[in-house]
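Structural overview for review
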Amino acid sequence: MRLSGWHIGAWCGCLLIGVVHSVYAQQTTTPPDTVAKPAAAVAQDTTGLPKTPTQAAPGETKEQDKADFPLDNFYAERKKWPLSFLRHFRFSLSTGYGSTFFSHELPGYGIYQAPGGSPQIFPGTSTTTRYSNWVNERVLDVTAADPSAFLVSSDTASLGFKGGGWSIPLKATIHFEFMQRYRIGIGYSYELFNMGEFSATSFGDRIGTMQPTNASGSISRFFGMAGVSFYRSGPYLFTGDIQVGSFSPSNFDAALATTGVYFNGGVTIERDLSEYLRAFVRPSFEFKSYTLNLPEGGSPIDHGMNAVYLNFGLTYRIPELPKCFHKDCRIQRNHAHGDREYRSRVHPIYKKQNPNYGENHPNLIKYKGKNKKMLNPY
Ligand SMILES: [Zn+2]
């Protein structure tokens, strides 16, 4: 085939146009050296936007600092939900068991032990006024004293009683967690409470046991709390915390008994079940005391009422995202529709999820017990 000069010129023109066009279309890649000459002015522009050679001034650095591709034009910016700060609040509910240690001394009192009866105390040296209960309420006994009773005075011995009790608490708290380490909060607790027998700390062989009247009741309390997380091992988080507040037992004579502030210190061991739910146990020790006034004479009696507790329960955090509104959506992780982010519809609140892809079904069915015949490959 014979090529004329016109044919060659037209072919070279088409080649030039094609090369320039392809350089325009591939701005984000480095232009090959072979086309550097005709596209030299264009190659300086790395912003990704096609420009005519006259626009691509060499000193245009502001444009070059931007991202290579303007994603803002294609993806909606996510708007925050107004209540997203709620993620820092956690609610807990717990129950457990508590053991209370009562103890008191009886300065200025004597102990009266009639044969076959329960011990009583009397102020000073006169046995005409005696108390058969001086622990949670006052029970007065003004019957004539038995002359054969065993008597011991606190002038000659250190007198006192010890007793025990148990309680079943139901405790609710709300606390705020910050800096991934600290927490402060408030709480309320209601406990079923029962007092056992009291026995003398001295002369136990001569003095019998005393069972307080009205021994069963409840204790309600309000408290503030503060804690510091000090150790984490996998899903387990250890937090030392204190709870300080007031307590009022229902079976104590409110007119005579004055309760003080109590201090409860413990370690909360939490296990993450999911990002919203934790299970925890909390062993704790508690210091508290109260004073019972006996108006018929004698000084007020100070009672120690320390206790140990073991609480266990759940801690829940309000999800900061609302549940996805789309009833057919099966996405297992937090995701966006439009400009809003949503929580998965299929994520059970108690189940741990990988935040990157979710893991509602971490074990294949073929490894589960329900596939005993090994028929299901999944
Ligand atoms: Zn969805």
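Remember, predicted model here, so these are calculated numbers, not experimental data.

1. Quick look at the overall build of the protein
When its secondary structure is counted, the protein shows 3 helices and 17 strands. A total of 378 residues make up the protein; the buried ones form 21% of that total. Of the contacts made within the protein by residues no fewer than 6 positions apart, 57% connect residues no fewer than 24 positions apart.

2. Some words on the pairing of strand 14 (residues 289-292)
Looking along a regular strand, one sees side chains alternate from face to face of the sheet. Here strand 14 shows a clear split, with Y290 and L292 buried on one side and none of S289 and T291 buried on the other. As paired strands, strand 11 (residues 257-259) and strand 14 are joined by 3 bridges and run antiparallel to one another. Considered in strand 14, the bridge of T258 is made with T291. Sheet analysis places strand 14 next to strand 15 (residues 301-317), joined by 4 bridges and oriented antiparallel. What sits directly across from Y290, in strand 15, is H303.

3. Observations regarding the pairing of strand 8 (residues 182-200)
Bridging between strand 7 (residues 160-178) and strand 8 involves 17 bridges; their strand directions are antiparallel. Across the sheet, the residue bridging to E177 is R183, located in strand 8. Turn length for the strand 7-strand 8 hairpin, with the two strands adjacent in sequence and antiparallel, is 3 residues, and the turn residue M179 shows positive phi of about 55°. Strand direction decides the pairing type here: strand 8 and strand 9 (residues 216-233), joined by 13 bridges, are antiparallel. When the bridges of strand 9 are listed, I186 appears paired with G224.

4. Looking at the environment of G260
Structurally, G260 can be placed in the loop between strand 11 and strand 12 (261-272). Judged by local crowding, G260 falls into the partly exposed class, with 14 C-beta atoms found within 10 Å. Here the alpha-carbon distance between G260 and T291, two residues 31 residues apart in the chain, equals 8.4 Å. Apart from residues no more than four positions distant in its own chain, G260 is found in contact with K288, S289 and Y290.

Calculation rules
Residues numbered from 1 in each chain as written. Predicted model: local features only at pLDDT ≥ 70, side-chain atom pairs only at ≥ 80, totals over all residues. Helix = DSSP H or I, 4+ residues; strand = E, 2+ residues; numbered from the N terminus. Buried ≥ 20, exposed ≤ 12 C-beta atoms within 10 Å, placed from the backbone. Contact = placed C-beta atoms within 7 Å. Pairing = 2+ DSSP bridges.

By themselves, these figures tell us nothing about what the structure is for.
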